[in-house]
Amino acid sequence: MEDTLGEAELVEGLERKKVSGKKVVIGVVALVVAALAGLGIMSFMGGDDTPDEDADLHEMAEAAADKRDQAQLEQDVPTEKLKTLFYVIPAQQYNLNTGGQGSSFLRVQIQLEVDRESYKADLDAKLPRILDEFNVYMRELRPEDLDGAAGIFRLKEELLMRINQAVAPTRVRDVLFQEFLVQG
């Protein structure tokens, strides 16, 4: 009987050996590959509905954007003729930031370019706000910030941005320096 029990244990051990770790991994990988293949086939066969829905949504979005753009264009239609006009800001003098080492001054004469007569009237009304923006920004400039053409270009761009924020919805097209003198 011990021989029979030994054979039964041997057979049981062989059956366990047949389900090894490698076979489990291969089986799981095969199931994953089969699932991915099935999803691929399903999306290929049944994928015709989704692009049509996406195309319809895309067309609706384009129509809404076109309608919005058209409304904006109608709103922006000038009631007055566009022309190039200049608004003169009185000459200003600013202390530059030297970090406590001496003093340095900037004297500027600026003109603003606008394209509507009504904008000039709006700039007259908002001149104190414009000068305040200039004072706040210019007093933090250092003399080396104004070196070369690149420094002046950065100053023009910064002033233009600040002016347009201060006088919105009026739009200033450009900042023109008529006089630009750094002393000290």
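Presented here is an overview of the structure given in this document. Predicted model, so just to flag it, every value in this text is computed and none were measured. (Residues numbered from 1 in each chain as written. Predicted model: local features only at pLDDT ≥ 70, side-chain atom pairs only at ≥ 80, totals over all residues. Heavy atoms only, no water.)

## Examining the pattern of salt bridges
This is how it is decided: Salt bridges are defined as contacts in which a side-chain nitrogen from Lys or Arg sits within 4 Å of a carboxyl oxygen from Asp or Glu. Elements are defined by DSSP. Helices are runs of H or I of four residues or more, strands are runs of E of two residues or more, and each kind is numbered from the N terminus. Burial classes: relative accessible area under 20% of the type maximum marks a residue as buried, over 50% as exposed, and values in between as partly exposed (1.4 Å probe, protein chains only).
Tallying each qualifying case throughout the model produces 6 salt bridges. Of the charged contacts in the structure, one is a salt bridge between R107 and E179, with a shortest N-O distance of 3.1 Å. One end of the pair, R107, is in strand 2 (residues 105–114); the other, E179, is in strand 3 (residues 174–183), and 72 residues separate them in sequence. The exposure class of E179 is partly exposed, given its relative accessible area of 29%. Note that K126 is salt-bridged to D122, the shortest N-O span being 3.3 Å.

## Concerning the environment of D147
Note on placement: D147 falls in the loop between helix 5 (127–138) and helix 6 (148–167). Taking relative accessible area as the criterion, D147 reaches 52% and is therefore assigned exposed. Distance in space between the C-alpha atoms of D147 and V182 is 9.9 Å, their sequence separation being 35 residues.

## Points about the packing of helix 4 (residues 117–125) against helix 5
Selection rule: In this analysis an axis means a line fitted to C-alpha atoms, helices contributing only their contacting stretch, and an angle means the value between N-to-C directions, from 0 to 180 degrees. Oblique is the label for any angle not under 35 degrees, not over 145, and not in the 65 to 115 range, which are roughly parallel, roughly antiparallel and roughly perpendicular in turn. By definition in these notes, contact holds between two residues if any of their heavy atoms fall within 4.5 Å. Charged residues are taken to be Asp, Glu, Lys and Arg, nonpolar residues to be Ala, Val, Leu, Ile, Met, Phe, Trp, Tyr, Cys and Pro, and polar residues to be all remaining types, Gly included.
The contact between helix 4 and helix 5 brings their axes to 4 Å, and the two run at 65°. Classified by the interaxial angle, the pair formed by helix 4 and helix 5 is roughly perpendicular. Counting all contacts with helix 4, which are made through L123, D124 and A125, the residues of helix 5 involved are L127, P128 and I130. Here the contact of helix 4 with helix 5 is built from residues that sort into 5 nonpolar, no polar and 1 charged.

## Here we look at the sheet that holds strand 1 (residues 85–95)
What holds strands together in a sheet is hydrogen bonding between their backbones, with the strands either parallel or antiparallel. Formally: By the convention used here, strands pair only if DSSP detects at least 2 bridges between them.
Strand order across the open sheet formed by 3 strands is 1-2-3, with antiparallel pairing between neighbours. Unpaired on one side and paired on the other, strand 1 and strand 3 mark the two borders of the sheet. Pairs of neighbouring strands in the sheet enclose a mean axial angle of 15°, with direction left out of account. The pairing of strand 1 with strand 2 spans 9 bridges and is classified as antiparallel. By the bridge assignment for strand 2, Q93 is matched with R107. In the packing of helix 4 onto the sheet, the strands contacted are strand 1 and strand 2, and the crossing angle to strand 1 comes to about 25°. Its contacts with the sheet place helix 6 against strand 2 and strand 3, and it is angled at close to 130° to strand 3.

## Comments concerning the packing of helix 5 against helix 6
Rules: Helix crossings are classified by the rotation of the near helix relative to the far one: an anticlockwise turn of less than a right angle makes the crossing left-handed, while a clockwise turn makes it right-handed.
Relative to each other, helix 5 and helix 6 sit at 140°, their axes nearing to 9 Å. Between helix 5 and helix 6, the angle falls in the class oblique. Crossing angle aside, the handedness with which helix 5 passes helix 6 is right-handed. Here R129, I130, E133, F134, Y137 and M138 of helix 5 lie close against helix 6, whose contacting residues are L155, E158, L159, R162, I163, A166 and V167. Residue classes in the contact of helix 5 with helix 6 are distributed as 9 nonpolar, no polar and 4 charged.

## A closer look at a negative patch on the surface
Short version of the rule: The patch calculation keeps residues exceeding 30% relative accessible area without a salt bridge and links them within 9 Å when they carry like charges or within 5 Å when they are nonpolar (Val, Leu, Ile, Met, Phe, Trp, Tyr). The protein chains shown are the only cover counted for residues, whose accessible areas, like all others here, come from Shrake-Rupley with a 1.4 Å probe. Note that His is not counted, nor are the chain ends; the positive residues are Lys and Arg, and the negative ones are Asp and Glu. A charge is said to be at NZ when it belongs to Lys, at CZ for Arg, at CG for Asp and at CD for Glu.
Side chains of D56, E59, E62 and D66 sit close together on the surface and give a patch of like negative charge. Note on placement: D66 falls in helix 3 (residues 49–76). Classification of D66 as exposed rests on a relative accessible area of 51%.

## Focus on helix 5
We apply this condition: Expected helix span is taken as 1.5 Å per residue step, with the number of steps being one fewer than the number of residues. Starting at the helix axis, one direction is taken to each C-beta atom, and the arc is that of these directions.
For helix 5, with 12 residues, the first-to-last C-alpha span of 16 Å sits near the 16 Å given by 1.5 Å per residue. Of the residues making up helix 5, those classed as buried are L127, I130, L131, F134, Y137 and M138. Seen along its axis, helix 5 keeps its buried residues to an arc of 135°; they face one direction. For helix 5, the exposed residues set more than 90 degrees away from the buried face come down to P128 and V136. Where helix 5 is buried, its residues touch strand 1, strand 2, helix 4 and helix 6.

Shape descriptors only; they carry no functional weight alone.
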